[in-house]
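Structure at a glance
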Amino acid sequence: MRVKEYILALGLLLLGMTACSPTEPDAKKYDDPRDAFVGEYDYTSIGDMDIYIAGKKVYSTPFDKDGSFEIVKETEASKVAIVGIIYGDQDSIHAIVNGNQLTLQNNSANYSNDLGTIKMMISYEPATLTGNKLVWEADVIGMGTFQSYSITAEGHISMEATKK
């Protein structure tokens, strides 16, 4: 009988340790859930965008980049801004905090040179904060001109940022 009691007690102890073990920092530990996200980050992004003329792939451009940004609170409750140029001409991405996730506002970026222009529309999946890591994915579509031709584009970006 002692062995069964010992095994039961050990099992309950292990279950209790698992249930009470420390978890990753999350928004629930803060008076203002945005505080879990606020701060400076270094990021690495990977991905690419394929460009098509008349339905034929003519070029692929990488989205591999390293940089930094800062997340700051906005005046409205639950809202933050990711400040710092990541892609294109946007200097911030607005987002809403929901638990350990950010719902990022879709945006666009414009590129141009002597040969043409392209406008990219960026659609974000929720960004998830685990510990000091913030990760998200984004799909990109684009339209524009190259010399006198209409062009389209599609791509994907994976972003991983580490809070300093």
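To be clear, the structure that these remarks concern was listed above.
These lines cover the structure that appears in this document, whether it is placed above or below.

Below, the discussion takes up the overall build of the chain. Along the chain, the regular secondary structure elements total 1 helix and 11 strands. Each helix (α) and strand (β) of the chain, taken in turn from the N terminus, gives the series α-β-β-β-β-β-β-β-β-β-β-β. Every one of the 164 residues in the chain was classed for burial, and the buried ones make up 32%. The contacts of the chain with a sequence gap of at least 6 include a subset with a gap of at least 24, amounting to 48%. In the form shown here, the chain has an accessible surface area of approximately 10300 Å², with 56% of it arising from carbon and sulfur atoms.

Let us now look at a nonpolar patch on the surface. A surface patch of nonpolar side chains, about 280 Å² in accessible area, is lined by L115, F146 and Y149. Structurally, F146 is set in strand β10 (residues 133-146).

Another point: unusual backbone geometry. Its identity is not glycine, yet A54 carries a phi of approximately 55 degrees, on the positive side. Structurally, A54 is set in the loop between β1 (39-53) and β2 (56-62). The phi dihedral of S78 is positive, around 75 degrees, even though this residue is not glycine. On the accessibility criterion, S78 (35% relative accessible area) is partly exposed.

Attention shifts here to the pairing of strand β9 (residues 127-130). Residues in a regular strand point their side chains to alternate faces of the sheet. Along β9, the buried face is formed by A127 and L129; none of T128 and T130, which line the opposite face, is buried. The sheet contact formed by strand β6 (residues 101-104) and β9 spans 2 bridges and is antiparallel. Residue pairing for β9: Q101 is matched across the bridge by T128. Of the pairings in the sheet, the one linking β9 to β10 comprises 3 bridges and is antiparallel in character. If you follow L129 over to β10, its bridge partner there is L134. Connecting β9 to the antiparallel partner β10 that follows it, the hairpin turn spans 2 residues, and G131 within it adopts a positive phi of roughly 65 degrees.

Thresholds applied
Residues numbered from 1 in each chain as written. Predicted model: local features only at pLDDT ≥ 70, side-chain atom pairs only at ≥ 80, totals over all residues. Heavy atoms only, no water. Helix = DSSP H or I, 4+ residues; strand = E, 2+ residues; numbered from the N terminus. Buried < 20%, exposed > 50% of the residue type's maximum accessible area, 1.4 Å probe, protein only. Contact = heavy atoms within 4.5 Å. Areas by Shrake-Rupley, 256 points an atom, 1.4 Å probe, with all protein chains shown as cover. Patch = residues over 30% accessible without salt bridge, like charges linked within 9 Å, V, L, I, M, F, W, Y side chains within 5 Å. Salt bridge = Lys/Arg side-chain N within 4 Å of Asp/Glu carboxyl O. Pairing = 2+ DSSP bridges.

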